[in-house]
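Topology and contacts: notes
Here is what each chain is made of, one letter per residue.
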Amino acid sequence: MPQLRISAEVQDALAHGHAVVGLESTIYSNLGLPSPANHEALQRSTDAIRAQGAVPAITAILDGVACVGLEPREHERILGPAQKTAERDIAVALTQRWQFGATTVSASLALCAAAGISVFATGGIGGVHLGSEETGDISGDLGAIALHPVLTVCAGAKAFLNIPQTVEFLETEAVPVLGYQTDEFPMFYARSSGVRAPVRVESPAEVAEILAHRLIWDQGGVLLAVPIPAADAIPAEEILGAIEAALSRTSDVRGAAVTPLVLEQIAEITGGRSIPANLSLAENNASVAAQVAVAFARLLA
Ligand code: PSU
Ligand code: MN
């Protein structure tokens with residue numbers, strides 16, 4: 001039974017203790033950014049990682065095989081139609097030989113952990129949804145961040161989530177939540193959410209050391225929240241109307257379909273204004289993650 005395929009480049013980097021940054025594939029698929037922004041996101045994120053001297057490792061299920069690190073010729077496949085694959089779906093995707101299972105944050109963390117990758121970058125994590133008292137909708141991302149010995153670098157949680165409860169949930173799950181050069185937990189398109197980040201950190205070296213202590217004590221993951229670059233941020237007031245409209249348009253949807261649909265609606269309602277912001281934060285997170293991965297590799301050398 002083929003379990004895990006690690007690309008030659010990623011295997012080589014791991015064997016030599018070089019910096020590696022895991023990436024998810026949902027954001028690049030038809031469940032994430034619209035074409036051609038998805039292709040641009042893939043290019044800019046992987047370029048940003050290489051520019052810092054680290055190796056990108058995209059995760060995906062391809063033809064029923066869990067892959068960590070893709071060949072360039074495979075990039076085209078992850079830009080297309082996908083079946084959303086959270087951690088809970090991996091076993092099913094392998095058994096039913098899904099052609100392209102696009103990994104969410106939770107599935108990516110599981111694959112990174114299996115491959116021995118300690119740093120992972122995404123755009124925004126899933127979290128506690130507004131109205132979760134009724135729907136029970138809390139993303140599997142949160143439990144996976146707590147469980148797996150991997151650092152997740154994100155731009156906070158998407159603004160259509162319940163941010164205070166998302167941070168609270170991570171606290172309950174004993175996850176260190178770090179704000180990167182900020183006192184606030186950022187809100188994806190906006191730098192500010194009004195919610196305090198439990199811990200403020202200043203440098204990649206500091207984050208690498210916190211991660212090393214977590215792993216030595218076998219305590220699970222760390223979350224690093226990096227505010228979107230100021231030039232590309234969309235102020236909260238401007239996006240909240242679009243979010244409200246998107247949520248009311250999708251109020252009858254439940255389960256895994258919620259997040260892709262809400263994101264699509266926000267992009268539509270804002271006339272695509274949310275897309276450049278999304279690209280910018282994804283690239284920035286990849287760059288910060290690579291800087292941490294390089295510092296972490298140095299620490300272990
Ligand atoms: N944030 C984005 N685009 C996305 C996602 C998050 O800007 O496509 C995806 C990520 O893969 C994340 C997933 O892990 O949505 C969370 O889905 P859910 O809320 O169903 O757990
Ligand atoms: Mn959900």
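Summary of the structure given here.

Calculation rules
Residues numbered from 1 in each chain as written. Chains lettered and ligands numbered in written order. Predicted model: local features only at pLDDT ≥ 70, side-chain atom pairs only at ≥ 80, totals over all residues. Heavy atoms only, no water. Helix = DSSP H or I, 4+ residues; strand = E, 2+ residues; numbered from the N terminus. Contact = heavy atoms within 4.5 Å. Near = heavy atom within 4 Å. Polar contact = N/O pair within 3.5 Å; in protein donor to acceptor, adjacent residues only side chain to side chain. Areas by Shrake-Rupley, 256 points an atom, 1.4 Å probe, with all protein chains shown as cover. Nonpolar A, V, L, I, M, F, W, Y, C, P; charged D, E, K, R; others polar. Expected span 1.5 Å × (residues − 1). Buried < 20%, exposed > 50% of the residue type's maximum accessible area, 1.4 Å probe, protein only. Arc of directions from axis to C-beta. Core = buried A, V, L, I, M, F, W, Y, C linked by side-chain atoms within 4.5 Å. Pairing = 2+ DSSP bridges. Phe/Tyr/Trp six-rings, centres within 6.5 Å; stacked < 30°, edge-to-face > 60°.

1. Focus on the environment of Val288
Mapped onto the fold, Val288 is located in helix 12 (residues 274-300). Between the C-alpha atom of Val288 and that of Val153, which follows or precedes it by 135 residues, the distance is 7.7 Å. Setting aside chain neighbours within four positions, we find Val288 in contact with Val153, Tyr180, Leu224 and Val226.

2. Examining the site of ligand 1
Inspection of the region around ligand 1 gives 14 residues, with Glu24, Lys84, Ser139, Asp141 and Thr259 positioned closest. Contacts to ligand 1 include Asp141, whose side-chain N or O atom sits 2.7 Å from an oxygen atom. When ligand 1 sits alone it has 480 Å² of accessible area, and the protein chains cover 94% of it. Residue composition of the shell around ligand 1, grouped by class: three nonpolar, seven polar and four charged.

3. Describing helix 9 (residues 204-216)
For helix 9, built from 13 residues, the straight-helix expectation of 18 Å at 1.5 Å per residue is met to within 8% by its first-to-last C-alpha distance of 18 Å. Among all positions in helix 9, only Pro204, Val207, Ala208, Leu211, Ala212 and Arg214 are buried. Down the axis, helix 9 shows its buried residues gathered within 160° of arc, on one side only. Where the residues of helix 9 are buried, they touch strand 7 (119-121), strand 8 (151-154), strand 9 (177-180), strand 10 (199-201), strand 11 (222-225) and helix 12.

4. Regarding the nonpolar core
Ile117, Ile125, Phe185, Tyr189, Leu223 and Ile266 are the most contacted members of the largest nonpolar core, which has 60 residues in total. Broken down by element, the residue count for this core peaks at seven residues, all from helix 5 (residues 105-115). Dropping the residues within four chain positions of it, Ile117 is found in contact with Val10, Leu14, Val20, Gly22, Ala57, Val68, Cys112 and Val150.

5. Overview of the pairing of strand 4 (residues 65-68)
Of the strand pairs in this sheet, strand 1 (residues 4-6) and strand 4 are connected by three bridges, and their pairing is parallel. Paired with Leu4 across the bridge in strand 4 is Ala66. Examined bridge by bridge, strand 3 (residues 55-62) and strand 4 share four bridges and lie antiparallel to one another. In the strand pairing of strand 4, Ile61 is matched with Ala66. The hairpin formed by strand 3 and strand 4 contains two residues between the paired strands, and Asp63 there has a positive phi angle of roughly 50°.

6. Section: the packing of aromatic side chains
Taken as a whole and assessed by the stated rule, the structure comprises one aromatic pair. On the basis of an interplanar angle of 70° and a centroid distance of 4.8 Å, the ring pair of Phe188 and Tyr189 is categorised as edge-to-face. The two residues Phe188 and Tyr189 agree in class, both being buried.

7. Structural notes on the environment of Ala242
Relative to the helices and strands, Ala242 is located in helix 10 (residues 236-249). According to the relative accessible area criterion, Ala242 is buried, its value standing at 8%. For the pair Ala242 and Leu211, spaced 31 residues apart in the sequence, the C-alpha separation amounts to 36 Å. Here Ala242 is in contact with Ile266, Ile269 and Thr270, once residues within four sequence places are set aside.

8. Regarding the side chain of Ser25
Following the sequence through the fold, Ser25 ends up in the loop between strand 2 (20-23) and helix 2 (37-51). The exposure class assigned to Ser25 is buried, which follows from its relative accessible area of 0%. Reaching out from Ser25, the side chain makes a polar contact with the backbone oxygen of Thr59 at a distance of 2.7 Å. The residues touching Ser25, leaving out its near neighbours within four places in the chain, are Ile58, Thr59, Ala60, Ile78, Phe100, Gly101, Ala102 and Thr103.

9. Things to note about the pairing of strand 9
Alternating positions in strand 9 separate into two faces, Val177 and Gly179 on one and Leu178 and Tyr180 on the other, with burial throughout. Sheet analysis places strand 9 next to strand 11, joined by three bridges and oriented parallel. Pairing of Val177 across the sheet is with Leu223, part of strand 11.

10. A word on helix 12
For helix 12, which comprises 27 residues, the first-to-last C-alpha distance of 39 Å matches the rise-based estimate of 39 Å (1.5 Å per residue) to within 8%. When you tally the buried positions in helix 12, you get 20 out of 27 residues, the bulk of the element.

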